[in-house]
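The primary structure of each chain is shown beneath.
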Protein chains: 2
Amino acid sequence: MDKGHLFVVSGPSGAGKGTICQKIVEQTDVELSISMTTRDPRSFEEHGANYYFVSKEEFLETIENNGLLEYAEVYGNFYGTPKKLVMEKLNAGRDVILEIDIQGAMKVKQSYPGGVFIFILPPSMTELRKRITGRGSESEDAINMRLGETLKEVSYIDKYDYCVVNGELDEAVNRVQAIIIAEHSKVSESIYHLIKKYEEEI
Amino acid sequence: MDKGHLFVVSGPSGAGKGTICQKIVEQTDVELSISMTTRDPRSFEEHGANYYFVSKEEFLETIENNGLLEYAEVYGNFYGTPKKLVMEKLNAGRDVILEIDIQGAMKVKQSYPGGVFIFILPPSMTELRKRITGRGSESEDAINMRLGETLKEVSYIDKYDYCVVNGELDEAVNRVQAIIIAEHSKVSESIYHLIKKYEEEI
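- As recorded in an unreviewed UniProt entry, chain A goes by Guanylate kinase and comes from Clostridium aminobutyricum.
- Listed in UniProt under the heading Function (unreviewed entry), the comment for chain A reads: "Essential for recycling GMP and indirectly, cGMP."
- The UniProt entry for chain A carries this comment under Sequence similarities (unreviewed entry): "Belongs to the guanylate kinase family."

This is how it looks when you write it as C-alpha cells:
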C-alpha cells in the first residue's frame, strides 16, 4: 500500500492558511494534524478535536522521547505536533495536513523532509493589512510591525515546494487540491506494483 | 511574465494519450503542439491543424538547422516536433502539450529537459488487449507482440515526472489538469515579482 503524504501548509498570519486547511479537510480524505498543547482549553474547545490538552510534565516527557515533529513555547505555553499520531496515519496510507507557522514548518522540514511544503501568500500587502485590520484587535503600530514581519517570513519561500496566492478562497483551495492530486501522481515506488501486475497478466 | 510549460504526454499505444491531450486542449488554455511530417495528408487532414505537411527537402533542412525538438523516420516518412513554434508559445507564457511515443519523449527530454513528462498507463494489460482488439486491425500474434513491446516501454517510466493510470477517462483528464495547476504552483522565479510588489507596498 502507498504511504500517505504529509502536506505542511504554512504562511504568514492573515494569509488564510487555517481556512484553506479546514476546507481541504471538509472536501477531501486528507486528515488534519491535531497539535498538543499545555495551555488551558477554551470553553468551546474539545480534547482531541482542537488540541490534545496535556500537562507540562507530559509535554516535556514527549520532547525527551523525541515524540514531536516540532514544538515551540509561546507566552509560557507549549505547542507541538505529535509525531506518533502523524506517522500512524501516513503509514496507514492516509494523507495528513498540518497548518503551521513558518518557524514550525522549518522544524518539520528537518524532522520530516519527505513532507510537501506549501506556502500560502496574501494577494497583496494592502489586502493583508485589510484582513488584519478587520479582526480589529491590534493597533496601527502593531499591524505595521506585523507586516514588516511578514516580509521577513516570505523570504523563506524558497524552502517550500509550492506557493498558493490566496486571493479568492475557492481558487486557492482548488490549487491545494490539485497539488495533493499531482503529488499522488508522481512516479514513485508504488507504480512498480502495477507494472509487476502487468507482467503477471501477459 | 511567466514562461509557459511544455507538458510531454507519452505512453504505450492504446493507453489513451491522444484522447487525454484532446480533452486537455478543449478544457484548458493549453495548446497542442503540431508535428511536421513528410507523409501525404489524408483527405480529412488540414495543414497546420493536424500536421504541418512539408517536403522531404524542407524537413531535412529543418533537421540540419537544429529546428526540431525530436524527429523519427517511420516507413520512409519523417515526423518531428518543430522547435521554433513550441518555443514561441512558451516564451509568450502559453503552455504547450505534446503527445508523443516513448522514444520521442526521451529525445525531447534531451533537447528540452525543462519539460514536464507525464506517462499514461493502461489500467491493466487485459484492458489494453481489449482496447487494441477493439480497433480490429491487428492479428492475435501482432497484438501479443505489441503487449510485449508495451512492457519494455513501461520500463522507461522512471524517466518521467508523473504517471496517470487511464482507467476512467474523465478521472485521468482531471489528474493531468491537476498536474498542470500544481506545476504552475511550484515555487519559482515568478513568485519573486509578487514579493517585490509586497516590498513596494509597505
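A short note on the relation of the copies chain A and chain B
Move 1: Expressed as a screw operation, the relation of chain A to chain B combines 0.0 Å of axial shift with a rotation of 180 degrees, fitting to an RMSD of 0.0 Å. Here the two chains are linked by the operation of a two-fold rotation axis. Relative to the rotation axis, the C-alpha of A:Ala178 is the closest in chain A, positioned 2.2 Å from it.
Move 2: Same-surface contact between copies: 100% of interface residues of chain A are shared with the interface of chain B.

What about the UniProt feature "domain: Guanylate kinase-like" (unreviewed entry) in chain A?
Move 1: Sequence positions flagged by UniProt for "domain: Guanylate kinase-like" (unreviewed entry) are, in local numbering, residues 4-181 of chain A.
Move 2: End-to-end, the C-alpha atoms of residues 4-181 of chain A are 12 Å apart, and along that stretch the chain is 44% helix and 23% strand.

Digging into the pairing of strand β8 (residues 116-121) of chain B
Residue and element names in this part refer to chain B.
Move 1: Burial analysis of β8 places 6 of its 6 residues in the buried class, which makes it a mostly covered element.
Move 2: Here β8 runs beside strand β9 (residues 162-165); their pairing, made up of 4 bridges, is parallel. Directly across from Leu121, in β9, lies its bridge partner Val165.

Things to note about helix α7 (residues 169-184) of chain B
Move 1: An ideal rise of 1.5 Å per residue puts 22 Å on 16 residues; α7(B) measures up with 23 Å between its terminal C-alpha atoms.
Move 2: Within α7(B) the residues assigned to the buried category are B:Ala172, B:Val173, B:Val176, B:Gln177, B:Ala178, B:Ile179, B:Ile180, B:Ala182 and B:Glu183.
Move 3: Turning to α7(B), the residues buried within the fold contact β9 (162-165) and α7 (169-184) of chain A together with β1 (6-10), α1 (17-27), β8 and β9 of chain B.

What about the packing of aromatic side chains?
By convention here, two paired aromatic rings are described through the distance between centres and the angle between planes.
Move 1: This model, assessed by the stated rule, comprises 14 aromatic pairs over all chains.
Move 2: For the ring pair B:Phe119 and B:Tyr160, a centre distance of 4.8 Å and an interplane angle of 85 degrees mean the geometry is edge-to-face. Remark: B:Tyr160 occurs in the loop between α6 (140-154) and β9 and B:Phe119 occurs in strand β8; sequence separation between them is 41 residues. Across the pair, B:Tyr160 and B:Phe119 agree in class, each one buried.
Move 3: Here the aromatic cluster, defined as three or more aromatic residues joined through ring pairs, consists of A:Tyr51, A:Phe53 and A:Tyr79.
Move 4: Over the face of the ring belonging to A:Phe117 we find A:Lys109, whose NZ or CZ atom lies 5.3 Å from the ring centre.

Structural notes on the layout of surface pockets
Move 1: The computed volume of the largest pocket comes to approximately 1,900 Å³.
Move 2: Looking at the largest pocket, it is lined by 49 residues, and the ones nearest its centre are B:Lys17, B:Tyr51, B:Glu99, B:Ile100 and B:Asp101.
Move 3: Mapped onto the lining of the largest pocket, the elements with two or more residues apiece are α1, β5 (68-74), β6 (77-82), β7 (96-100), α4 (102-111), α5 (125-135) and α6 of chain B.
Move 4: In terms of residue count, the dominant contributor to the lining of the largest pocket is α1(B) (7 residues).
Move 5: Looking at the lining of the largest pocket, its residues break down into 19 nonpolar, 15 polar and 15 charged.
Move 6: Estimates place the volume of the second largest pocket at around 1,600 Å³.
Move 7: Taken together, 40 residues line the second largest pocket, and the ones lying closest to its centre are A:Tyr51, A:Tyr79, A:Glu99, A:Ile100 and A:Asp101.
Move 8: Among the secondary structure elements, those contributing two or more residues to the lining of the second largest pocket are α1 (17-27), β5 (68-74), β6 (77-82), β7 (96-100), α4 (102-111) and α6 (140-154) of chain A.
Move 9: The element best represented in the lining of the second largest pocket is α1(A), accounting for 7 residues.

Quick notes on α6(B)
Move 1: Compared with an ideal rise of 1.5 Å per residue, which puts 15 residues at 21 Å, α6(B) spans 21 Å between its outermost C-alpha atoms and is within 8% of the ideal.
Move 2: All of the buried residues along α6(B) are B:Ile143, B:Arg146, B:Leu147, B:Thr150, B:Leu151 and B:Val154. For α6(B), the angular spread of the buried residues around the axis is 145 degrees, confining them to a single face. Across from the buried face of α6(B), at angles greater than 90 degrees, the exposed residues are B:Asp141, B:Met145 and B:Lys152.
Move 3: On its buried face, α6(B) sits against α8 (191-201) of chain A together with β8 and α5 of chain B.

Things to note about the pattern of salt bridges
It is possible for side chains of opposite charge to pair when their charged atoms get near one another.
Move 1: Within the structure shown, the criterion is met by 21 salt bridges over all chains.
Move 2: One salt bridge in this structure joins B:Lys89 and B:Glu31, with 3.4 Å as the shortest N-O distance. Taken together, the residues span a long stretch of sequence, with B:Lys89 in helix α3 (residues 83-91) and B:Glu31 in strand β2 (residues 31-32) at a distance of 58 residues.
Move 3: On the accessibility criterion, B:Glu31 (21% relative accessible area) is partly exposed.
Move 4: Ionic pairing is found between B:Arg39 and B:Glu45, a salt bridge with its closest N-O pair at 2.9 Å. B:Glu45 matches B:Arg39 in its accessibility class, with the two residues each being buried.
Move 5: The structure contains a network of salt bridges with shared partners spanning A:Glu31, A:Lys89 and A:Arg94.

A short note on the interface of chain A and chain B
Move 1: Taken together, the contact pairs 34 residues of chain A with 34 residues of chain B.
Move 2: Among the residues chain A hides against chain B, the three largest losses belong to A:Val187, A:Tyr198 and A:Ile202. Together they make up 20% of the total.
Move 3: At the surface where chain A touches chain B, the tally comes to 12 residue pairs in polar contact (both at pLDDT 80 or more).
Move 4: Elements that contribute at least two residues to the side of chain A that touches chain B include exactly α5 (125-135), α6, β9, α7 and α8 of chain A.
Move 5: By residue class, the composition of the side of chain A that touches chain B is 23 nonpolar, 5 polar and 6 charged.

Quick notes on the rules
Residues numbered from 1 in each chain as written. Chains lettered and ligands numbered in written order. Predicted model: local features only at pLDDT ≥ 70, side-chain atom pairs only at ≥ 80, totals over all residues. Heavy atoms only, no water. UniProt positions renumbered as here; feature names shortened; annotations may be inferred. Least-squares fit on C-alpha atoms with pLDDT ≥ 70 in both. Contact = heavy atoms within 4.5 Å. Helix = DSSP H or I, 4+ residues; strand = E, 2+ residues; numbered from the N terminus. Buried < 20%, exposed > 50% of the residue type's maximum accessible area, 1.4 Å probe, protein only. Pairing = 2+ DSSP bridges. Expected span 1.5 Å × (residues − 1). Phe/Tyr/Trp six-rings, centres within 6.5 Å; stacked < 30°, edge-to-face > 60°. Lys NZ or Arg CZ within 6 Å of the ring centre and 35° of its normal. 1 Å grid on protein atoms, 1.4 Å probe; cavity = no way out; pocket = protein on both sides within 12 Å on 5 of 7 lines; lining within 4 Å. Points joined across faces, edges and corners; volume = space filled by probe spheres on them. Nonpolar A, V, L, I, M, F, W, Y, C, P; charged D, E, K, R; others polar. Arc of directions from axis to C-beta. Salt bridge = Lys/Arg side-chain N within 4 Å of Asp/Glu carboxyl O. Buried area = accessible area lost by both parts, 1.4 Å probe. Polar contact = N/O pair within 3.5 Å; in protein donor to acceptor, adjacent residues only side chain to side chain.

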